[in-house]
Each structure stands twice: as C-alpha cells, then as structure tokens.
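Structural overview for review
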Amino acid sequence: MEFEKIVQKLAKQYKQRIVLPEGTEPRTIRAADIIIKEKIAEIVLIGNPDFIKDFAQKENLQHIQFATIIDPLNHDKIEEYARLVVEIRKNKGVDIDTARELIKKPLYLAATIIKAGDADGEVAGAENTTGNVLRPGFQLIKTLPGVSLVSSVFVIILKDKEFGDDGMMIFADCAVNPDPNEDELAEIAVTTARTAKKLLGMTPRIAMLSFSTHGSAQHKMIDKVAHATKIVQQNYPNLLIDGEMQLDAAIMPEVCAKKAPNAKIQGNANVLIFPTLEAGNIAYKLVQRFAHADVYGPIMQGLAAPINDLSRGCSVNDIVNVVAITAIQASQSKKSIDEF
Ligand code: ACO
C-alpha cells in the first residue's frame, strides 16, 4: 500500500499523457476516471466515443469528460499517423494502405500516437496478451539509445523486511525474454540496475542467479550466467554485481559467508537477475503465493517510451497503479541515462 501511495504521489508531479488503447474495457474506463480525478496523469482513451460516453454516464463517472477520446476508425490524424508508420516500417515492406489498416488496431494506434509525440506512455493488457501489447512498441517505438533489448522487472514487497531494502526487491526478467544469451543477460542486468536506481531510488546490489555459486558446479547454463556477470563487471566496474550464485548465497549473509566469502554482495542482494524466463516467472509467482508478497509488474524497461502490460485478471486499482508507474517512467525516459 505504501508503494502505491508513493508512485501515485510521484506521478502527479510529472503530468504525463498516458494512452489506454483498451478504451471500451470497463475496468479501464473506471480506472481512467480515478486517474483523471486524482490528477495522476492525463488520459487518452482509444475506442468508440459513444460507447465510452454512455458507459461513463451509466456509471456516473464524472471525469471521463476530461479524457481525450480517439475513435480508431475516424479521427483527424489517420493520414499523418499512417505516413509515420510507413516511414518507420518501410524496410519491412509496409506501404501506406497496410499502415492505414494497422492503425485501425488500437494497440498499433497507441504506439503510433506515442511515436508522433501525442502521448508519453501506454498501458494495456486487460484484454490483450503480453505479446500483442508489446509487439507494436517493439516495432514502432523501439529501444532507448544504448539499449538493444526490452526486458521487464517486478517490484517485490516482502512481508519479511530483513531482505532487500526493507523488504523491497527487484526481480528480472520474469515476463519478456524466454532464453537470453550471455550478452542479453548482461544487458538485462544493467537495464534493471538503471530501473532500480532511477525509478525506485535504490542503490542496486545485483545477484546473477544460477544453480551454482562461484564455480561449485559445471554446466553450460552456469557458464552463461558467469560470462554475463563478467561482461557487466568489465563494462561497469562501479556496479555492485556478483555471480554466478545460488539464491541462498544471494540473500542470506551466513550462507554467502560459507559459499562465497569473497563475494561483492555479502548475501544482501536487492536485485535478482534470473537466467531464463522460466526461472524468473516461476520465482515471482512462488514468492507472491507462498510468501504473500505484494508484486508490481511486469514493468517494461528499455523502450524509448514506456508501454506496460496488465494481467487480464487486473483490478481497477492495478490499472491506476500501472498508469502511475508508466507516467514516472515516461518522464524519466526523456532524461539522459545515468551511468554507474
Ligand atoms: N526487445 C526489443 N525488441 C524485440 C524484443 C525485445 N526483447 N523481442 C522482439 N523484438 C522485436 C524484434 O526485433 C522484431 O522487430 P522488427 O519487426 O522491427 O524486426 C519484433 O520485435 C517482433 O519480433 P519477433 O521475434 O517476431 O518477436 P515476437 O513478436 O514473436 O515475440 C514477444 C516477442 C511476444 C515479447 C516474445 O518475446 C514473447 O512471447 N515473450 C514472452 C511473453 C510472455 O508470454 N510472458 C509471460 C507472461 S507475462 C506474466 O506472467 C506476467
């Protein structure tokens, strides 16, 4: 709850414009009303304007009138946006007719609106899969300068405050890249460190996880994590990162003292980097269900403007929080990347 209050308060300072392409989805309309009322962000809703207005009237949602509503089939900027899509995707064979068809789809229109500078970030996923939400962003918005891979983090708030930063930890990548190679894993670690620092004000202490600690076992899966760790250490010597290591060595000082006495992270990691999506996705759900941790995410990182994905089971409150996080990221993505 504390985390939610902090992000909502921060988002209010930035006054970002967030586009919600699932603009006729009931939870999304209800969330938009709260976001506008609380001044968390300005809202662009994509969808049939009559439907949205009728819904708002029936539910007495008095702030929807202050949203910008864009009908994907009928708006002033169809030609401008279609030309922009052609410019970005012509090397992929996209002509003007294909572009006009693409931007009838709300998820493609939302990414185009951001690329055109008419919004700062996007939240979707209440009725679309992760892949469908992300693909238009990958194709049209692309990555931040110096970043080649979009990945994701979860913010984990544990009941047990002895772990991480007073119970707060970052897990990555638990939602996007199924099997990153060693260079990609290194990039995920660095991008996650930036997110931890810029979004959450943390000093990252990163553990690169595996089923071995500093060579206690041999396998090519372990080599991948060990090599990724070295790549980061060589390029960012000031970053606190250690690996490969097992989870217990990463989070328990007494285990770390036995298994890796020379580790930079003395069993006090606050950022955990998982070797594959299987490991990361399973791990965050284990912590959520068995340890009753609050989890926020996936929060996407590395895009030139933020797009965040909702769970299809999301609540109105989840949408409000993800919009707040997206607004903070949007404001930060316009600033230069800090190095460590
Ligand atoms: N970063 C940047 N760009 C990317 C990335 C990435 N991680 N992945 C793909 N792209 C780009 C490609 O370069 C390509 O661009 P181009 O068209 O300009 O050449 C475009 O995106 C499409 O690439 P594909 O290889 O066709 O990727 P695809 O669309 O098949 O897959 C996706 C991307 C959907 C994100 C895939 O990685 C995926 O399915 N990941 C798992 C998502 C998931 O199911 N997560 C678990 C559920 S989430 C949860 O539990 C909370």
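Residues numbered from 1 in each chain as written. Predicted model: local features only at pLDDT ≥ 70, side-chain atom pairs only at ≥ 80, totals over all residues. Heavy atoms only, no water.

**Regarding the packing of helix 8 (residues 182-200) against helix 9 (residues 220-235)**
Between helix 8 and helix 9, the least distance of the axes is 8 Å, while the angle of their chain directions is 55°. For the element pair helix 8 / helix 9, the angle class is oblique. Relative to helix 9, helix 8 is oriented so that their crossing is right-handed. In this structure, helix 8 contributes Glu182, Asp183, Leu185, Ala186, Ala189 and Val190 to the contact, and helix 9 contributes Lys224, Val225, His227, Ala228, Ile231 and Val232. Class assignment for the residues of the contact of helix 8 with helix 9 results in eight nonpolar, one polar and three charged. (Axes fitted to C-alpha atoms, helices over the stretch in contact; angles between N-to-C directions. Helix = DSSP H or I, 4+ residues; strand = E, 2+ residues; numbered from the N terminus. Parallel < 35°, antiparallel > 145°, perpendicular 65-115°, else oblique. Left-handed = near helix turned anticlockwise from the far one by under 90°. Contact = heavy atoms within 4.5 Å. Nonpolar A, V, L, I, M, F, W, Y, C, P; charged D, E, K, R; others polar.)

**Remarks on the pattern of salt bridges**
Applying the stated criterion across every chain yields a total of 11 salt bridges. With a closest N to O distance of 3.0 Å, lysine 77 and aspartate 118 form a salt bridge. Of this pair, lysine 77 sits in the loop between strand 3 (68-70) and helix 4 (78-89) while aspartate 118 sits in the loop between helix 6 (106-115) and strand 4 (121-124), placing them 41 residues apart in sequence. For the salt bridge of arginine 100 with aspartate 97, the shortest nitrogen-to-oxygen distance reads 2.8 Å. A residue pair is termed a helical-turn pair when its members lie 3 or 4 positions apart in one helix, as arginine 100 and aspartate 97 do in helix 5 (residues 96-102) at three residues. In this structure aspartate 97 comes out as partly exposed when scored by relative accessible area, which is 48%. (Salt bridge = Lys/Arg side-chain N within 4 Å of Asp/Glu carboxyl O. Buried < 20%, exposed > 50% of the residue type's maximum accessible area, 1.4 Å probe, protein only.)

**Quick look at helix 12 (residues 277-290)**
For helix 12, with 14 residues, the first-to-last C-alpha span of 20 Å sits near the 20 Å given by 1.5 Å per residue. Residues Leu277, Gly280, Ala283, Tyr284 and Val287 constitute the buried set of helix 12. Looking straight down helix 12, one finds its buried side chains confined to an arc of 140°; they lie on one side. When the buried face of helix 12 is taken as reference, the exposed residues oriented beyond 90 degrees from it are Glu278, Ile282, Arg289 and Phe290. On its buried face, helix 12 sits against strand 5 (151-157), strand 6 (168-172) and strand 10 (294-301). One or two positions beyond helix 12, positive phi appears at histidine 292, with a value near 55°. (Expected span 1.5 Å × (residues − 1). Arc of directions from axis to C-beta.)

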